[in-house]
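Coordinate inspection notes
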Amino acid sequence: MTISAMRTSLGIGIATLALLGGTAGVATAGTSHTAGSAATHSITGKASAAAKCSYTSSIGFYCGYYKGSATVKTGSKGNAVKEVQALINETTSYTPKLAVDGDFGPKTKAAVVWFQKTYKVKPYDGIVGPKTWKELRLK
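Anyway, here's the lowdown on the structure attached to this text.

What counts and what doesn't
- Along every chain, residues carry numbers that run from 1 in the direction the sequence is written.
- Only residues with pLDDT of at least 70 are given local features in this predicted model, and only at 80 or more are side-chain atom pairs given and counted; all residues enter the totals for whole chains, interfaces and linings.
- Hydrogens and water are ignored here; the side-chain numbers use all heavy atoms of the structure.
- Here a strand is any run of E in DSSP of at least two residues, a helix any run of H or I of at least four, and the numbering for each starts at the N terminus.
- Contacts: residue pairs with any heavy atoms within 4.5 Å of one another.
- Aromatic pairing here means that ring centres of Phe, Tyr or Trp (its six-membered ring) are within 6.5 Å. Orientation follows from the plane angle: under 30 degrees is stacked, over 60 is edge-to-face, and everything else is tilted.
- Using a 1.4 Å probe on the protein chains alone, a residue whose accessible area is under 20% of its type maximum counts as buried, one over 50% counts as exposed, and one in between counts as partly exposed.
- Lines fitted to C-alpha atoms define the axes, with helix axes restricted to the stretch in contact, and inter-axis angles between N-to-C directions lie between 0 and 180 degrees.
- Here is the rule for angles: anything less than 35 degrees is roughly parallel, anything more than 145 is roughly antiparallel, 65 through 115 is roughly perpendicular, and the remaining ranges are oblique.
- Crossing chirality is assigned from the near helix's rotation relative to the far helix, an anticlockwise turn below a right angle marking it left-handed and a clockwise turn marking it right-handed.
- Under this grouping Gly is polar, as are all residues other than the nonpolar Ala, Val, Leu, Ile, Met, Phe, Trp, Tyr, Cys and Pro and the charged Asp, Glu, Lys and Arg.
- Among the buried residues, those of types Ala, Val, Leu, Ile, Met, Phe, Trp, Tyr and Cys that are joined through side-chain atoms within 4.5 Å form a nonpolar core.

1. Topic: the environment of Lys 67
- Secondary-structure assignment places Lys 67 in the loop between β4 (60–62) and α2 (79–91).
- Put simply, Lys 67 and Asn 79 are 12 residues apart on the chain and 9.3 Å apart in space, counted from C-alpha to C-alpha.
- Leave out the neighbours within four places in its chain, and Lys 67 touches Ile 59, Tyr 62 and Arg 137.

Next comes the structure, spelled out in structure tokens:
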């Protein structure tokens, strides 16, 4: 099964779980800084101070900050950047976790480049354009 298919399957499971109000620990396919490793994430259906991303049929993965797909890159600020930061934090094994502060600085760029390389979204330029949004959301 491909990473994209696994993430899609995970999203459907999370959405179903959220509708039922349950919690579960789920394994996601992905890599941290070491290729080939898998990470485990705990996804809860309960609200907390931190964004919890869920899967919707109309948008894909959504963390509550931004529903669009405008291009964001180094220097960008706002809710679209928060959405990117939260999506990377909540749907991948990237470490260290990003501050969800809406400021697209060097740490966010490094995380986006990691995401693009890990999920083979070319070019590996650290810019979140249509291809990267599509893979982040996996709708």
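Still to come is the rest of the account.
2. Overview of the packing of aromatic side chains
- Enumeration over the complete set of coordinates arrives at 5 aromatic pairs.
- A ring pair is formed by Tyr 66 and Trp 133, whose centres lie 5.7 Å apart and whose planes are at 45°; its orientation type is tilted. With Tyr 66 in the loop between β4 and α2 and Trp 133 in helix α4 (residues 130–137), this residue pair connects regions lying 67 residues apart in the sequence.
- Judged by its relative accessible area of 22%, Tyr 66 is partly exposed.
- Taking 6.4 Å as the distance between ring centres and 85° as the angle between the ring planes, the aromatic pair formed by Trp 114 and Tyr 119 counts as edge-to-face.
- Owing to a relative accessible area of 9%, Trp 114 belongs among the buried residues under this scheme.
- Residue Tyr 119 is classed as buried on the basis of its relative accessible area of 7%.

3. With respect to the packing of α2 against α4
- Put simply, α2 and α4 touch, their axes get as near as 10 Å, and they point 50° apart. As summarised for this structure, α2 and α4 are arranged oblique, according to the angle between their axes. The element α2 and its partner α4 pack so that their crossing is left-handed. Here α2 contributes Ala 80, Glu 83, Val 84, Leu 87 and Ile 88 to the contact with α4, which in turn contributes Trp 133, Leu 136 and Arg 137.
- A per-class count over the contact of α2 with α4 returns 6 nonpolar, no polar and 2 charged.

4. Structural notes on the nonpolar core
- The biggest cluster of nonpolar side chains holds 24 residues, and the ones touching the most others in it are Val 72, Val 84, Leu 87, Ile 88, Val 128, Trp 133 and Leu 136.
- Put simply, the parts of the chain that give this core at least two residues each are α2, α3 (106–118) and α4.
- Sorting elements by how many residues they give to this core places α2 first, with 6 residues.
- What Leu 87 contacts, discounting residues up to four positions off in sequence, is Cys 53, Phe 61, Tyr 62, Cys 63, Thr 92, Trp 133, Leu 136 and Arg 137.

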